[in-house]
Amino acid sequence: DTAVSQTPKYLVTQMGNDKSIKCEQNLGHDTMYWYKQDSKKFLKIMFSYNNKELIINETVPNRFSPKSPDKAHLNLHINSLELGDSAVYFCASSYRDGRTEAFFGQGTRLTVV
Amino acid sequence: AQKVTQAQTEISVVEKEDVTLDCVYETRDTTYYLFWYKQPPSGELVFLIRRNSFDEQNEISGRYSWNFQKSTSSFNFTITASQVVDSAVYFCALSEAGRNTPLVFGKGTRLSVIA
């Protein structure tokens with residue numbers, strides 16, 4: 001069974017479109033995250049949710065809106081996509097108290113053309 | 001604020017050589033966790049090790065070993081007898097316990113092992 005699964009794996013879309021990436025974890029973790037990995041491989045936190053509550057919102061354009069319907073799911077919706085949004089987006093989950101490592105999904109490669 | 005520095009951007013070695021990847025961290029917390037992740041060319045992030053701040057014992061797992069030194073705020077990773085399959089980007093990361101802080105990653109070190 002996949003621990004953290006995100007879909008789709010690849011997403012190619014035109015500028016100005018709206019798209020969503022879905023993430024689900026079956027590990028019973030209480031905290032989920034979205035990370036963005038740019039072309040230089042730098043991994044930067046975007047959002048963190050604990051038990052459906054937003055606890056971290058880094059400096060991210062408000063075109064990005066995370067939604068957590070329950071603690072096992074954290075989706076990312078992006079409005080009005082721009083060329084600079086092209087990146088790999090990783091979903092991850094862990095326990096808030098850090099008792100285990102964070103588990104990552106396989107990543108979603110978003111290409112905006 | 002927490003920070004992780006991986007000064008080596010790229011390293012290239014010949015197969016069977018030993019290689020050490022450096023990681024230096026900054027934190028004000030006394031309780032924190034350090035991690036290494038591997039990202040092979042296929043793109044997924046593979047967990048390698050987790051170490052808490054109270055455990056300074058070095059660890060060995062097969063060809064991999066880790067040297068944690070609080071005195072120098074370093075958590076270095078050594079691969080012995082490197083293999084081509086070790087070629088990947090390696091990330092060091094830090095999380096501070098109990099502060100709602102997520103993993104903060106270093107910028108990664110790209111390791112190329114040449115046959």
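Quick note: structure is the one above.
What you see is a predicted model; the values in this text were computed from it and never measured.

Asker: Is there a simple way to explain the overall build of chain B in this structure?
Answerer: Along the backbone of chain B there are zero helices and twelve strands. Projected onto its principal axes, the C-alpha positions of chain B cover 45 × 25 × 20 Å. Relative to its 115 residues, chain B shows a buried fraction of 46%. Measuring between centres, the 11 positive side-chain charges of chain B sit 5 Å from its 13 negative side-chain charges.

Asker: What's the story with the sheet that holds strand β3 (residues 19-25) of chain A in this structure? I'm lost.
Answerer: Within a sheet, each strand pairs with its neighbour through backbone hydrogen bonds, oriented either parallel or antiparallel. All names here are of chain A. Overall, antiparallel pairing links the four strands, which are arranged β1-β3-β8-β7 in an open sheet. Each end of this open sheet is capped by a strand with a single partner; those strands are β1 (4-7) and β7 (64-70). Ignoring strand direction, the axes of neighbouring strands in this sheet form an average angle of 15°. As paired strands, β3 and strand β8 (residues 73-78) are joined by four bridges and run antiparallel to one another. Paired with Glu-24 across the strands is His-73, a residue of β8.

Asker: In this structure, what is going on with the pairing of strand β10 (residues 88-96) of chain B? I would like to understand it.
Answerer: Consecutive side chains along a regular strand alternate between the two faces of the sheet. Residue and element names in this part refer to chain B. The element β10 is largely enclosed, with a buried count of nine among its nine residues. The alternating pattern of β10 places Ala-88, Tyr-90, Cys-92, Leu-94 and Glu-96 and Val-89, Phe-91, Ala-93 and Ser-95 on opposite faces, both of which are buried. As paired strands, strand β5 (residues 32-39) and β10 are joined by eight bridges and run antiparallel to one another. Paired with Lys-38 across the strands is Tyr-90, a residue of β10. Pairing geometry for β10 and strand β12 (residues 109-114), over three bridges, is antiparallel. Pairing of Val-89 across the sheet is with Arg-110, part of β12.

Asker: What is the right way to look at the pairing of strand β6 (residues 53-57) of chain A in this model?
Answerer: All names here are of chain A. Relative to β6, strand β5 (residues 43-50) is paired through four bridges, and the arrangement is antiparallel. For Tyr-49, the partnering residue across the bridge sits in β6 and is Leu-54. Here β5 folds back onto β6 in antiparallel fashion, the turn holding two residues, of which Asn-51 has a positive phi close to 45°.

Asker: Which parts of the structure should I look at to understand the side chain of Thr-13 of chain A?
Answerer: Residue and element names in this part refer to chain A. Its place among the elements puts Thr-13 in strand β2 (residues 10-13). A distance of 2.9 Å separates polar atoms of two side chains, one belonging to Thr-13 and the other to Asn-17. In contact with Thr-13, other than residues within four places in its own chain, are Lys-19, Leu-81, Leu-110, Thr-111, Val-112 and Val-113.

Scoring rules and cut-offs
Residues numbered from 1 in each chain as written. Chains lettered and ligands numbered in written order. Predicted model: local features only at pLDDT ≥ 70, side-chain atom pairs only at ≥ 80, totals over all residues. Heavy atoms only, no water. Helix = DSSP H or I, 4+ residues; strand = E, 2+ residues; numbered from the N terminus. Buried < 20%, exposed > 50% of the residue type's maximum accessible area, 1.4 Å probe, protein only. Lys, Arg positive; Asp, Glu negative; His and termini not counted. Charge placed at Lys NZ, Arg CZ, Asp CG, Glu CD. Pairing = 2+ DSSP bridges. Axes fitted to C-alpha atoms, helices over the stretch in contact; angles between N-to-C directions. Polar contact = N/O pair within 3.5 Å; in protein donor to acceptor, adjacent residues only side chain to side chain. Contact = heavy atoms within 4.5 Å.

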